[in-house]
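A structural walkthrough
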Amino acid sequence: MSNAAFILNGAAFEGAVTVTEAGLRGMITLRGDLGSEAMEKAVKASVGVALPKQRKIKSGKRGAVAWMSPDELLLLVDYDQADMLVAKMKSILAEEHHLVVNVSDARSMFTLSGAGAREVLAKGAPVDLSHSVFGKGAIRRSRIGQIAAAFWTLDGEELEVVCFRSVGAFMYDWLSTAAAKGSLPEYL
Amino acid sequence: MSTRLVAGGSVIDRETLVSFTFNGKVFNGHKGDTLASALLANGQTLVGRSFKYHRPRGIMASGVEEPNALVSLGDAGRFEPNQRTTTTEVFEGLTATSQNHWPSLEFDIGAINNKIPRLLPAGFYYKTFMKPQWAWKHLFEPIIRQSAGLGNAPKEADSDRYEYFYAYVDVLIVGGGMAGLAAALEAGKSGAKVLLIEQTANLGGRLAVDDALIDGRPSDVWLEQTIAELDAVDNVTIRTRMMGSGVFDHGYAMGYERINDHAPDNTAPRHRLWRIRAKRIVTATGALERPIAFAGNDIPGVMLASAVRDYVSMFGVSAGDSTVVITNNDDAYRTAITLKKAGLDVPAILDARPEANGPLPTEARNLGIRVETGKAIASVKGYKCVSGVEVCDQAGEGTILETIPCDVVAMSGGWSPVVHLWSHCGGKLNWDEANAMFSPDPTRPPLGADGTGFVVTAGTASGELQATAAMQNASSAGRQAATEAGFNSVDGATPVVIANDEDPMLPIWVMPQGAPYKLRSKSWLDFQNDVKVSDVRLAAQEGFESVEHTKRYTTLGMATDQGKLSNINGLAILADSLNAPIPQVGTTTFRPPYAPISLGSIAGEARGKLFKPIRKSPIDSWQAEHNAIWERVSDWRRPYTYRRDGETTEQAVTREINNTRNGVSILDASTLGKILVKGPDAAKFLDLVYTNMMSSLKVGKCRYGLMCNENGFLFDDGVVARLAEDEFLCHTTSGGSDTVHGWLEEWLQTEWWDLQVYTANVTEQFAQIAVVGPNARNVLEKLGGMDVSSEALAFMSFGDGELAGIQARPFRISFSGELSYEIAVPAAQGQAFWDKVMEAGEEFGMMPYGTEALHVMRAEKGFIMIGDETDGTVIPQDLKLGWAVSKKKADFIGKRAQERSHLQREDRKQLVGLLTENPQDVLPDGAHAVEGGKNRYGQENMIGHVTSTYFSPTLGHSIAMALIKGGSKRMGEVLTFPVGKDRVIKATVVDPVFYDKEGARQNV
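Model, not experiment: these values are computed from the prediction.

Moving on: the overall build of chain A. Secondary structure assignment for chain A yields four helices and 11 strands. Relative to the globule expectation of 16 Å for 188 residues, the C-alpha radius of gyration of chain A, 17 Å, shows essentially globular dimensions. Dimensions of chain A, computed from the C-alpha atoms along their principal axes, are close to 55 × 40 × 30 Å. Residue burial in chain A is summarised as follows: out of 188 residues, 50% are buried.

Dropping the structure here:
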């Protein structure tokens, strides 16, 4: 995939919090009956972990799987593996109604690291980002400012944000503005 | 005159001097001063002019309720009009200028209005509409526009930045006075997450001024210990300089944090608008003191009694040397006592009540202050400052008994609880007869989603004016809020407050009771908008019985202070004029924000490059480098054309069209919406949402489809490709992808939830690159990879494979009428693919084209554009698209609607083509066709309008499409389009397909 380009070439902003463009990540949208055995099997075969609970993300050695809605999951995998895994899951789920599609290229992804990372998001997302509510393994599908976004934390500290590719540059500007030095409310 | 006292001032730092300017004069204040206290400390009592009569105005209050002392602050990018001096903290370098006067504050020509108030009566503005008719436009409007507004609007962009912050708490407490702190203590003990916000820089509220003993401790000690106790616990946060500005549905509150107004810098945002979701909201917002309506009560030096002692106690500032107190209650005696103890002169306390013998009046008398009961002020003497008061009996009509010289009048007409936040979301009020005030009715709170109240009032804001009862009420409010938020509150001992008891007040709405017109017309209710007792009475007399109507007619309470001081007095006067009880007249509606907040804070970060998201395609940077002239297409930016050196935009578009028709060009079509629809019922579902039949589409084929809403009107179109028996890819318009996806999901989730269908919006997964023109196939063949011949890939089909080593899905679809491939590749490889096409196409003269060339070419072909030929009232049949509306299907969205008689009418506006008489004349977009004669309004009879219009380089002729009444039957008719003064363009109705009617060029 030498032709594949991400939008800002891994730009980074050092403010009160560090904002970094995370590069290409394999992402797969998977819709279906989250209670079915085949679904569990498909997810396990792709990323090696069990299904996450509501508003949670679970990670393993081969990737992560996030709860997106009562009938939708998002799988995070290696960029180069996405098409292969889509095919694999299609065959596992062949007998039941489902939708599985590679959406890796539709997204831009950013990481926020540093103590105030969650406060940066709280300037734009109508979500309770306090440690007690938005802890390890939490994910929300929401908005940041005017942009649709999903964000999660695997370790309870560093945050990852995804949005549509077309607004990736806007998101980077937004996050860098919100992460400016001296601008954190120091509340969360 | 007003001055700084040698001692006192609990919130100022006498060691730190701060210099600032007022109207260019340099003044000194102390750190901790408000601009108001610093102005008074410098003897500046005249600070502005009133709105209508340009009367001299001084400082009246010490807080957010101030109606008069508004100034313009700062300059250039930090200029801001109408700022309250009483809530502005001074800082080094602050610049303030007074407002609403010319040529100067001291001498103002506009004050002539003051001499002719009879020409500006209540409802003056509305009366100017009536007659003579010419007068509004030529006389009154220019004058009113000239005089409207107090300060000037800023002329430069705001140089500060702003932001939002979302917070979630169990209990939000608004107000950091005694009640708020006591409620926080109780709620905090339960373990609930508590956020207490205080609008000023200091905690303590009135307790910081009016001493009491709390649990045996002096109030300042209790305050200090309580704040320390709250600071020590993790679950309670206190933030100052943050106003609770609004309460909204479901426990949503707005907090307005002024981060660095008191110390401007360039790093932090200036204001932060907090959007707080709270399980319970405690309003510990205190009470505001009411003025009394007597003649001359607006003269600088007439102040609220509590403000006069605030300035002494908090800022060490005296408002004047000699103060007469006028009151109808005991609380104002505290002012007299404070002043006397500070060594200032109090010639008299005039108490309108027949007697006053409580502990506070007794203490005042013991200090040697003269107390006169049953007395009133007939009139205040002075113009730019108070020089004395004329005393009369409250019971009479104003016969002057004596004149007392003084330079300050401290007035108190009682207190009104601050019920704004309680009322914002529907909390109801009771009329408290004894205290003559509206208080929250705890049995009728604003209700949340679960039907229970979500706002609890605490302390004085509950209507408990006495400190002991207020403390009990506040502690219990804190416990109630915590319990209702799901925590176990701990029943502890409520702190016991010992303060002076107060005797009942006596409601006084007009002073003296029988004040004649002469006095009433000088008795101000609304100081900022110049509304007097006589104005409200005139409104009542002219038939304005509703308080809401009276408010608008007189402008009472409509100034920037929203009537914090004037409303209760005004409605009491109205009630009296109507001979109705006050609660029957009721209050006007309390609306957020509690006090003005900056427009910047509402805009938040959304300005400059963050004003609105701009969606950029994967080819965006290449386009920017190649001189794309941008066009906004919904949220996307797309190249309108790529202009070369020396070209006009028009020439560039023509070049791009000619190159496409005669050679080959490339178009970035990535913005088209792409929605995947999959499942056993996918075909059935698409038959329902498209007007045409999709279930009959073969795998590997494409079909143009139309979507209508329930009313039968066309709202989106695009090509559907069948990927598999149970899987379709639906293309939408560039602006429609999110709407259409939402539309599909809504029908699936709410109406046809039994259908087994999933959708996914994959718009941005693909870059879609169109290679268009007679040489398109040659270019693709040169790229190498899959077979793109007409046999392997026929018109209206698609294939999956690789081109130039990149995974590709070419669709044989055409929006230009030429041989065309729209090739979808993974978005991240879109630029790489584009580069390879440009390279391979070089020998064929490949060049990119933009949206205008696309538009012209589609118009030449008679293809419609959603948003040009449709406007939400157009059905497919109007656009000659009846062939795409299935007659076989039992149902689809819009079918029933299209059967309605109005949509079946033959004389509906229908799509036609137009050729102008002169081929060079291009009709203006939107031009109307007229058919002679006038309608009943004297306007030309119109029969339709132009929807798309271009000069076609292909045909060498101007072309247009139009929606014309009964158009399909007007073929060959010549229509008349008036396009400006005396100019008319004539055009012949023709078929809207101007070019290659057989479609031979695209199907090769």
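Our focus in this paragraph is the overall build of chain B. Within chain B, the secondary structure is distributed over 26 helices and 52 strands. With the principal axes as the frame, chain B shows a C-alpha extent of 110 × 70 × 55 Å. The buried share of chain B, taken over its 1004 residues, is 55%. Considering only intrachain contacts with a sequence separation of at least 6, the fraction spanning at least 24 residues in chain B is 66%.

In this section: the nonpolar core. By size, the foremost hydrophobic cluster in this structure holds 350 residues, and its most contacted members are V171, A183, V282, V409, I769 and V771 of chain B. When residues of this core are assigned to their parent elements, the largest contribution, nine residues, is made by strand 9 (residues 162–174) of chain B. Both domains that meet at this core, namely domain 1 (12–23 + 106–178) and domain 2 (26–105) of chain A, each give it at least three residues. The contacts of V282 of chain B, once residues within four sequence positions are left out, are V171, I173, V174, A183, V456, A458, A477, G478 and A481 of chain B.

Turning to the confidence of the model for chain B, a few remarks are in order. Per-residue confidence for chain B gives a mean pLDDT of 95; residues scoring 70 or more make up 99%. Taken over the whole predicted complex, pTM reads 0.94, whereas the ipTM for its chain interfaces reads 0.97.

Let us now look at the sheet that holds strand 7 (residues 99–102) of chain A. Adjacent strands of a sheet pair through backbone hydrogen bonds, lying either parallel or antiparallel. All names here are of chain A. One open sheet accounts for five strands, arranged 4-5-6-3-7; its pairing is antiparallel. Of all strands in the sheet, those bounded by a partner on one side alone are strand 4 (57–60) and strand 7. Sheet twist, expressed as the average angle between the axes of neighbouring strands with direction ignored, equals 20 degrees. Summarising the sheet, strand 3 (residues 26–31) and strand 7 pair through four bridges and their orientation is antiparallel. Opposite L30, over in strand 7, you have V100 as the bridge partner. In this fold helix 1 (residues 37–47) packs onto strand 4, strand 5 (63–69) and strand 6 (72–77), with an angle of close to 15 degrees to the strand it touches most, strand 6. In this fold helix 2 (residues 82–92) packs onto strand 3, strand 6 and strand 7, with an angle of close to 170 degrees to the strand it touches most, strand 7.

It is worth spelling out helix 23 (residues 830–841) of chain B at this point. When the terminal C-alpha atoms of helix 23 of chain B are compared, their 16 Å separation across 12 residues agrees well with the 16 Å that a helix rising 1.5 Å per residue should span. In this fold, the buried residues of helix 23 of chain B make contact with helix 18 (620–625), strand 36 (665–668), strand 42 (766–772), helix 22 (776–783), strand 44 (806–811) and strand 45 (820–826) of chain B.

Residue and element names in this part refer to chain B. For G358, the location among the structural elements is in the loop between strand 21 (345–351) and helix 9 (359–366). Taking C-alpha positions, G358 is 27 Å from S62, a pair spaced 296 residues apart along the chain. Residues within four places of G358 in sequence aside, it is in contact with D330, D501, E502 and D503.

Tallying the contact residues gives 39 residues for chain B and 40 residues for chain A. At the level of secondary structure, the elements contributing two or more residues to the side of chain B that touches chain A comprise strand 9, strand 16 (271–283), strand 37 (673–678), strand 41 (758–761) and helix 23 of chain B. In terms of residue count, strand 9 of chain B provides more of the side of chain B that touches chain A than any other element does, six residues in total.

This part covers the environment of N778 of chain B. Residue and element names in this part refer to chain B. By the element assignment, N778 lies in helix 22. Judged by C-beta crowding, with 17 C-beta atoms within 10 Å, N778 ranks as partly exposed. Sequence separation of N778 and K428 is 350 residues, and the distance between their C-alpha atoms is 77 Å.

Regular strands place side chains that alternate from one sheet face to the opposite one. Residues and elements named next belong to chain A. Judged by how many residues are buried, strand 10 (residues 147–153) sits mostly within the fold: five of seven residues are covered. The pairing of strand 10 with strand 11 (residues 159–164) spans three bridges and is classified as antiparallel. Looking across to strand 11, one finds that F151 is bridged to V161. What sits between strand 10 and strand 11 in their antiparallel hairpin is a turn of five residues, with G156 showing a positive phi close to 85 degrees.

Let us now look at the domain arrangement of chain A. Residues and elements named next belong to chain A. Domain annotation of chain A identifies domain 1 (12–23 + 106–178) and domain 2 (26–105). Placing the centre of domain 1 and that of domain 2 at their C-alpha centroids yields a distance of 22 Å. With 10 residues of domain 1 at the contact, the number on the domain 2 side is 13 residues. Here the side of domain 1 that touches domain 2 gets four residues from one element, more than from any other, and that element is strand 9 (residues 138–144).

Attention now goes to the sheet that holds strand 11 of chain A. Residues and elements named next belong to chain A. Read across the sheet, six strands follow the order 1-2-8-11-10-9 without closing on themselves; strand pairing throughout is antiparallel. With one partner strand each, in any of the chains shown, strand 1 (12–14) and strand 9 form the two edges of the open sheet. Across the sheet, the mean angle from the axis of one strand to that of its neighbour is 20 degrees, orientation sign disregarded. Note that strand 1 and strand 2 (residues 18–21) share three bridges and pair antiparallel. Note that in strand 2 the partner of E14 across the bridge is T18. Each of strand 1, strand 2, strand 8 (107–113), strand 9, strand 10 and strand 11 is contacted by helix 4 (residues 168–178), which is oriented at about 15 degrees to strand 8, the strand it contacts most.

Now for the packing of helix 1 of chain A against helix 2 of chain A. Residues and elements named next belong to chain A. Running from amino to carboxyl end, helix 1 crosses helix 2 at an angle of 155 degrees, the nearest separation of the two axes being 9 Å. With respect to helix 2, the axis of helix 1 lies roughly antiparallel. As helix 1 runs across helix 2, the sense of the crossing is right-handed. Of the residues in helix 2, those touching helix 1 at A38, K41, A42, A45 and S46 are L85, K88, M89 and I92.

Thresholds, definitions, all that
- Residues numbered from 1 in each chain as written.
- Chains lettered and ligands numbered in written order.
- Predicted model: local features only at pLDDT ≥ 70, side-chain atom pairs only at ≥ 80, totals over all residues.
- Helix = DSSP H or I, 4+ residues; strand = E, 2+ residues; numbered from the N terminus.
- Rg over C-alpha atoms; globule rule 2.2 N^0.38 Å.
- Buried ≥ 20, exposed ≤ 12 C-beta atoms within 10 Å, placed from the backbone.
- Contact = placed C-beta atoms within 7 Å.
- Core = buried A, V, L, I, M, F, W, Y, C linked by C-beta atoms within 7 Å.
- Domains from an automatic or database assignment.
- pLDDT = per-residue confidence, 0-100.
- Pairing = 2+ DSSP bridges.
- Axes fitted to C-alpha atoms, helices over the stretch in contact; angles between N-to-C directions.
- Expected span 1.5 Å × (residues − 1).
- Parallel < 35°, antiparallel > 145°, perpendicular 65-115°, else oblique.
- Left-handed = near helix turned anticlockwise from the far one by under 90°.

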